[in-house]
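# Geometric and topological summary
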Amino acid sequence: MKGLQEFSRSMHKRYRYHKLRQSRVWQEYDTLNGKKTPALTIIIQTTGCRWAHHSGCTMCGYFRDSLPGGIDETQIISQMDKALEKYAGESIIKIFTSGSFLDSKEISFHTQKKILKEVAKKPHVKKISIESRPEYVTDKIEELAQTIKPVAFEVSIGLESANDHILEKSINKGFLFNDWLKAAKCIREHNLDLKTYLLIKPAFLTEREAIEDCIQSAGKILDFSTTISFNPVNIHSYTMLEWLWNRGEYRPPWLWSIMSILKEVNHLDDKTHIQCDIIAGGQKRGAHNCGKCDKKILDNINNFSLSQNEKFLVDVECECKKKWEGILELEGFTKGFYF
Ligand code: SF4
Ligand SMILES: [Zn+2]
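This text gives an overview of the structure that appears in the document. Since this is a predicted model, take the numbers as computed values, not measurements.

About the cut-offs
Residues numbered from 1 in each chain as written. Chains lettered and ligands numbered in written order. Predicted model: local features only at pLDDT ≥ 70, side-chain atom pairs only at ≥ 80, totals over all residues. Heavy atoms only, no water. Helix = DSSP H or I, 4+ residues; strand = E, 2+ residues; numbered from the N terminus. Rg over C-alpha atoms; globule rule 2.2 N^0.38 Å. Buried < 20%, exposed > 50% of the residue type's maximum accessible area, 1.4 Å probe, protein only. Contact = heavy atoms within 4.5 Å. Salt bridge = Lys/Arg side-chain N within 4 Å of Asp/Glu carboxyl O.

### Digging into the overall build of the protein chain
For the protein chain, the count of helices and strands is twelve helices and eight strands. In summary, the protein chain has a C-alpha radius of gyration of 20 Å against a globular reference of 20 Å for 339 residues, a match within 12%. With respect to the principal axes defined by its C-alpha atoms, the protein chain has extents near 55 × 45 × 35 Å. Relative to its 339 residues, the protein chain shows a buried fraction of 56%. Residue pairs in contact within the protein chain that sit at least 24 positions apart in sequence constitute 77% of those at least 6 positions apart.

So, in structure tokens, the structure goes:
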């Protein structure tokens with residue numbers, strides 16, 4: 001998909017990178033052994049995702065948080081030290097870069113170990129979570145896991161879709177389902193936790209196609225993932241998706257669609273944790289409904305993600321549901337089915 005790659009690259013070129021920033025840190029809730037648990041999320045600035053520098057995924061603007069010119073190890077450690085000053089006894093610590101923690105071009109293996117060792121020393125930490133593209137997952141993760149024992153280690157991978165056609169032609173993901181599978185097997189063989197992200201509504205899919213893709217993808221990855229985390233698209237600046245959205249050719253997913261995905265996937269099995277993290281929910285750049293029912297549904301999705309209690313998946317009454325149902329029925333005919 002050379003055209004898609006060139007287009008994504010041309011969007012990125014419009015952006016002017018800033019100087020080195022400090023890490024971003026915030027407290028939130030996540031789950032640990034099925035229970036709602038306080039978590040500390042840390043995002044450190046690195047040279048960024050290698051794939052984003054090549055061309056990048058069509059919805060991803062995280063390259064704007066990186067510094068391609070290079071960030072040395074001392075700066076990375078100093079960002080971590082500063083971030084950890086905010087530690088307030090959380091049991092989960094998530095350490096993200098705007099790329100792959102396991103990519104040695106972003107963070108050397110030596111520094112990866114050093115960071116994890118420091119974090120695992122925090123008095124109440126029980127789980128450390130990192131993110132990576134599949135190509136950087138190797139048997140070396142065992143050495144990292146040993147460094148932090150008995151703290152649990154979770155590796156998260158953004159698969160987005162288990163459909164190769166969508167990965168290639170909608171997302172420009174730069175890897176295929178089997179690449180994820182190889183990494184997933186490696187993570188599970190080492191008895192580590194695997195969180196897999198699925199994207200709700202990649203470019204060029206109708207609302208109905210997006211729902212079906214998420215349900216089918218979840219079915220294909222359940223056996224390997226300890227958690228499936230659905231990420232509904234939110235429009236990032238300097239991306240191809242933003243370009244489509246500005247032309248009125250893309251709408252972020254309806255919250256009704258998210259509810260219907262969660263309801264279906266929740267019934268597929270009872271061992272995989274299902275969650276959905278909605279950024280910019282209820283806003284025009286994020287997943288939204290009519291504006292009147294958004295808050296209630298967003299709260300329900302959040303509560304379901306933290307508790308797995310299906311009572312939160314009951315529908316809220318709102319007249320906009322009829323409009324959404326009409327879109328599911330008609331959109332394929334007016335746009336022409338893409339898949
Ligand atoms: S979504 Fe992940 S893999 Fe894709 S460009 Fe962004 S950071 Fe890189
Ligand atoms: Zn509504």
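### A look at the pattern of salt bridges
Tallied over the entire structure, the rule returns 19 salt bridges. The partner of Asp 315 in a salt bridge is Lys 263, with the nearest N and O atoms 3.1 Å apart. Here Asp 315, found in the loop between α11 (294-307) and α12 (320-335), pairs with Lys 263, found in helix α10 (residues 255-266); they are 52 residues apart in sequence, far enough to count as distant. On the basis of relative accessibility, which here comes to 28%, the residue Lys 263 falls in the partly exposed class. The salt bridge partner of Lys 295 is Asp 299, with a shortest N-O separation of 2.7 Å. Taken as a pair, Lys 295 and Asp 299 lie in helix α11 at a separation of four residues, close to a single helical turn.

### Looking at the environment of Arg 208
Of note, Arg 208 is situated in helix α8 (residues 207-221). When its relative accessible area of 37% is taken as the criterion, Arg 208 is described as partly exposed. Separated by 120 residues in the primary sequence, Arg 208 and Ala 88 place their C-alpha atoms 43 Å from one another. Once residues lying within four places of it in the same chain are set aside, the contact partners of Arg 208 are Leu 328, Glu 329 and Glu 331.

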